[in-house]
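Residue-level structural notes
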There are 2 protein chains.
Amino acid sequence: MPPSPEHPVAVFDSGVGGLTVLHELLVSLPAEDYLYLGDTARFPYGDRTQDELRAFAIEIADHLVQTGAKLVVVACNSASAAAMPALERHFEDASIQIDVIGVLRPAAQLAVVASHTGRVGLLATPATVASGEYARAIAAADPHVHLESVACPDLARIIQGGFPFDQQVVDTVREYCAPLLTAGVDTVILGSTHYPLCAPILQRTLGRGVTLVSAGAGVARSVERALAARDLLNPQTREGDYRFQCTGDVESFRALGTRFLQMPLGDVTHHELSSAAAAQAVGA
Amino acid sequence: MPPSPEHPVAVFDSGVGGLTVLHELLVSLPAEDYLYLGDTARFPYGDRTQDELRAFAIEIADHLVQTGAKLVVVACNSASAAAMPALERHFEDASIQIDVIGVLRPAAQLAVVASHTGRVGLLATPATVASGEYARAIAAADPHVHLESVACPDLARIIQGGFPFDQQVVDTVREYCAPLLTAGVDTVILGSTHYPLCAPILQRTLGRGVTLVSAGAGVARSVERALAARDLLNPQTREGDYRFQCTGDVESFRALGTRFLQMPLGDVTHHELSSAAAAQAVGA
């Protein structure tokens, strides 16, 4: 099925964090329809190996394209860092013309543009930091920008746990921000799609002089340009629809998801990914 | 007791809406201590008469100054519109040197600066629109800017009710935005401190080309300048404390408040205002 303008834009993440990216897409490109998949059965991605993340990303992207997606957004930093070139090659090898857009390059570019001092901080999962992809993306954008990376093993999990505003988040944020304050950065990349939920706490800890950068706005512009280049922008003038699939429990996705999206959640259905089901069976 | 740098900045509102202003103060001026009062027993203010609102504002500001506030922020559009000059005169008459900062002038100035076309929209409570104060503030900032005002009787109440992200909000927002879309405004003032909570829904309805303006950032700058002018900026280098008083139920304030503040809520105590207690006794 060749992609057509009426088809949805697909967005996926390990959980609900990518809803902060979907949120930006719904605001910036309201005429598009969206299909969001949260791989909550295998959350968190932050401790997975690069090989696992590539396999997950290809499995999910295949499913989304088969469902009719005209473009796929990888709204997860860990998966973007591990799988972007592999995903592009995968569809090229299958002769499927589809744009795949990750969150990493847009965030790195926004950070380079935002920084005056050339000292940029990164808060991200261990998997994302270990991949070295942010350092490469920053160096590609401007080799004179210094990147100070902090691996945050707990933050996405605490936020996904449903308590983005409690004292534990404040204490965790303070610990992770300390090296960035010491390094004197003027810009910090929120290198997990979960982190925008605690942006106020981060901003208070880092101070007003530090610019927080997340991928959302950059991703929306990339998606718009990619769709326009293939004549795939949805011509409808009304607001588009959006719906959700998750690989884990539907009710907990719905409860958390509303908070991340800051808009009403519509239809949420369970979707079984074969390898996720196998992994759960082995784990059980 | 003359104000000293160690004293708190006080902020008050009819309910939890003003926490979106406190939020901005906590981020922009983290070294200050804050005392917030929510007059939840008399919420909403949006349908009150101008005389009632002036009496409420003076009673609350007196209490806050007696508690040791070094500056008072009226973080409520209805109260700012009705009571700002009366509050200033009240303290002048009592020979109390204290700055009182409202949300209306900062929001109007931000809107005039943000608009390119000179067509600005206002969403606010019936009391705020009826006061005509936004029209006056806009005209004072630039007489060539056209203001399109929409009185929104229900929106603050629905948001304070705890459901800022459901379909009722989407439908209500769409109804209130329709005249602004027809008028072709390029900037919209969120003329109630509750409305930033549904900014994503407003932005999606109005489109990315419309700039949403709320008072928070402008208020923070006004507070900083006012404190600096009187040598009242808190010199401490650690993050300040913040605490809460409300005139109604403490538990519902705490539950809603966390969502509005997007930070942990600390100490919340009940405070009985004499006239609020009298009003409740009459109402009961």
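Preceding block: the structure.
Here goes a summary of the coordinates provided.

1. Regarding the pattern of salt bridges
- By the definition in use, this model includes 26 salt bridges over all chains.
- Between Arg48(A) and Glu52(A) there is a salt bridge, and its shortest N-O distance comes to 3.3 Å.
- Classification of Arg48(A) as partly exposed rests on a relative accessible area of 25%.
- Residue Glu32(B) is joined to Lys70(B) by a salt bridge in which the shortest nitrogen-to-oxygen separation is 2.5 Å. Linking Glu32(B) in the loop between α1 (19–28) and β2 (34–38) with Lys70(B) in the loop between α2 (50–66) and β3 (71–74), this pair joins segments that are 38 residues apart in sequence.
- Each of the salt bridges in this network shares a partner with another, and the network as a whole consists of Asp39(A), Arg42(A) and Glu59(A).

2. Comments concerning the pairing of β2(B)
Residue and element names in this part refer to chain B.
- Burial of β2 is extensive: five of the five residues sit out of reach of the surface.
- Burial along β2 is two-sided: the residues Tyr34, Tyr36 and Gly38 and Leu35 and Leu37 are all buried.
- Examined bridge by bridge, strand β1 (residues 9–13) and β2 share five bridges and lie parallel to one another. Its bridge partner lying in β2, Phe12 is registered against Leu37.
- Bridge count for β2 against strand β9 (residues 242–246) is five bridges, and the pairing is parallel. Looking at β9, one finds that Tyr36 is bridged to Phe244.

3. Brief notes about the interface of chain A and chain B
- If you look at the interface, chain A gives 25 residues, while chain B gives 25 residues.
- Between Glu239(A) and Arg174(B) there is a salt bridge, with the nearest N and O atoms lying 2.8 Å from each other.
- Our enumeration of links across chain A and chain B arrives at ten residue pairs in polar contact (both at pLDDT 80 or more).
- Those elements that provide at least two residues to the side of chain A that touches chain B are α1 (19–28), α8 (167–183), α9 (199–206) and α11 (250–261) of chain A.
- Tallied by class, the residues present in the side of chain A that touches chain B amount to ten nonpolar, eight polar and seven charged.

4. What about the relation of the copies chain A and chain B?
- Mapping chain A onto chain B calls for a screw motion: a turn of 180 degrees about the axis and a shift of 0.0 Å along it, with 0.0 Å RMSD after fitting. Here the copies are linked by what is in effect a two-fold axis. Proximity to the rotation axis, assessed at the C-alpha, singles out Arg259(A) in chain A; its C-alpha lies 4.7 Å from the axis.
- Residue by residue, 100% of the interface of chain A is reproduced at the interface of chain B, so both copies engage with the same surface.

5. Here's the deal with the sheet that holds strand β7 (residues 187–191) of chain B
Residues and elements named next belong to chain B.
- Sheet architecture is open: four strands sit in the order β6-β5-β7-β8, paired in parallel fashion. The open sheet terminates on both sides in strands that have one partner only, identified here as β6 (146–151) and β8 (211–213). Ignoring which end each strand starts from, the neighbouring axes of this sheet average 25 degrees apart.
- Two strands pair when backbone bridges link them, and strand β5 (residues 119–124) and β6 are joined in this way by six bridges, in the parallel orientation. Within β6, the residue paired with Ala124 across the bridge is Ala151.

6. Some points on the pairing of β9(B)
Residues and elements named next belong to chain B.
- Counting buried positions along β9 yields four of five residues, so the element is predominantly enclosed.
- Two elements, β9 and strand β10 (residues 268–270), share three bridges in a ladder whose sense is parallel. Bridge pairing links Phe244 to Val268 in β10.
- Considered for its hand, the β-α-β crossover made up of β9, helix α11 (residues 250–261) and β10 is right-handed.

7. Digging into the packing of aromatic side chains
- Taken as a whole, this structure holds ten aromatic pairs over all chains when the rule is applied.
- Seen in terms of ring centroids, Tyr242(B) and Phe244(B) are 5.9 Å apart; in terms of plane orientation they differ by 80 degrees. Their pairing is edge-to-face. There is no split in this pair, since Tyr242(B) and Phe244(B) are both buried.
- Ring pairs connect the aromatic residues Tyr36(A), Tyr242(A), Phe244(A) and Phe253(A), which therefore count as one cluster.

8. Here's the deal with the packing of α8(A) against α9(A)
Residue and element names in this part refer to chain A.
- Closest axis-to-axis distance for the α8/α9 pair is 9 Å, and the angle between their directions is 45 degrees. When the interaxial angle is binned, α8 and α9 end up oblique. Every pair of crossing elements has a handedness; the one defined by α8 and α9 is right-handed. Residue-level contacts link Val169, Val170, Val173, Arg174, Cys177, Leu180 and Leu181 of α8 to Ile201, Leu202, Thr205 and Leu206 of α9.

9. Observations regarding α11(B)
Residues and elements named next belong to chain B.
- When the terminal C-alpha atoms of α11 are compared, their 16 Å separation across twelve residues agrees well with the 16 Å that a helix rising 1.5 Å per residue should span.
- Those residues of α11 hidden inside the fold are in contact with α1, β2, α7 (155–160), β9 and β10.
- Capping the start of α11, Asp249 holds a side-chain oxygen 3.0 Å from the backbone nitrogen of Ser252, two or three residues further along.
- Of the residues flanking the end of α11, it is Gln262, one or two places downstream, whose phi is positive at about 60 degrees.

10. Considerations on the nonpolar core
- Judged by nonpolar contacts, the single largest core of 151 residues is most densely connected at Val73(A), Leu123(A), Phe244(A), Val73(B), Leu123(B) and Phe244(B).
- Sequence-distant contacts of Phe244(A), defined by excluding residues within four places in its chain, comprise Leu19(A), Leu22(A), Tyr36(A), Phe253(A), Leu261(A), Leu265(A), Gly266(A), Asp267(A), Val268(A) and Thr269(A).

11. Observations concerning unusual backbone geometry
Residue and element names in this part refer to chain A.
- Along the chain, Phe43 connects to Pro44 via a cis peptide bond; the corresponding omega equals -5 degrees.
- Take Pro44: it is sitting in the loop between β2 (34–38) and α2 (50–66).
- One non-glycine residue, Gln262, adopts positive backbone phi at about 60 degrees.
- Looking at where Gln262 falls in the secondary structure, it is placed in the loop between α11 and β10 (268–270).

Conventions used here
- Residues numbered from 1 in each chain as written.
- Chains lettered and ligands numbered in written order.
- Predicted model: local features only at pLDDT ≥ 70, side-chain atom pairs only at ≥ 80, totals over all residues.
- Heavy atoms only, no water.
- Salt bridge = Lys/Arg side-chain N within 4 Å of Asp/Glu carboxyl O.
- Buried < 20%, exposed > 50% of the residue type's maximum accessible area, 1.4 Å probe, protein only.
- Helix = DSSP H or I, 4+ residues; strand = E, 2+ residues; numbered from the N terminus.
- Pairing = 2+ DSSP bridges.
- Contact = heavy atoms within 4.5 Å.
- Polar contact = N/O pair within 3.5 Å; in protein donor to acceptor, adjacent residues only side chain to side chain.
- Nonpolar A, V, L, I, M, F, W, Y, C, P; charged D, E, K, R; others polar.
- Least-squares fit on C-alpha atoms with pLDDT ≥ 70 in both.
- Axes fitted to C-alpha atoms, helices over the stretch in contact; angles between N-to-C directions.
- Right-handed = clockwise from strand over helix to strand, strands pointing away.
- Phe/Tyr/Trp six-rings, centres within 6.5 Å; stacked < 30°, edge-to-face > 60°.
- Parallel < 35°, antiparallel > 145°, perpendicular 65-115°, else oblique.
- Left-handed = near helix turned anticlockwise from the far one by under 90°.
- Expected span 1.5 Å × (residues − 1).
- Core = buried A, V, L, I, M, F, W, Y, C linked by side-chain atoms within 4.5 Å.

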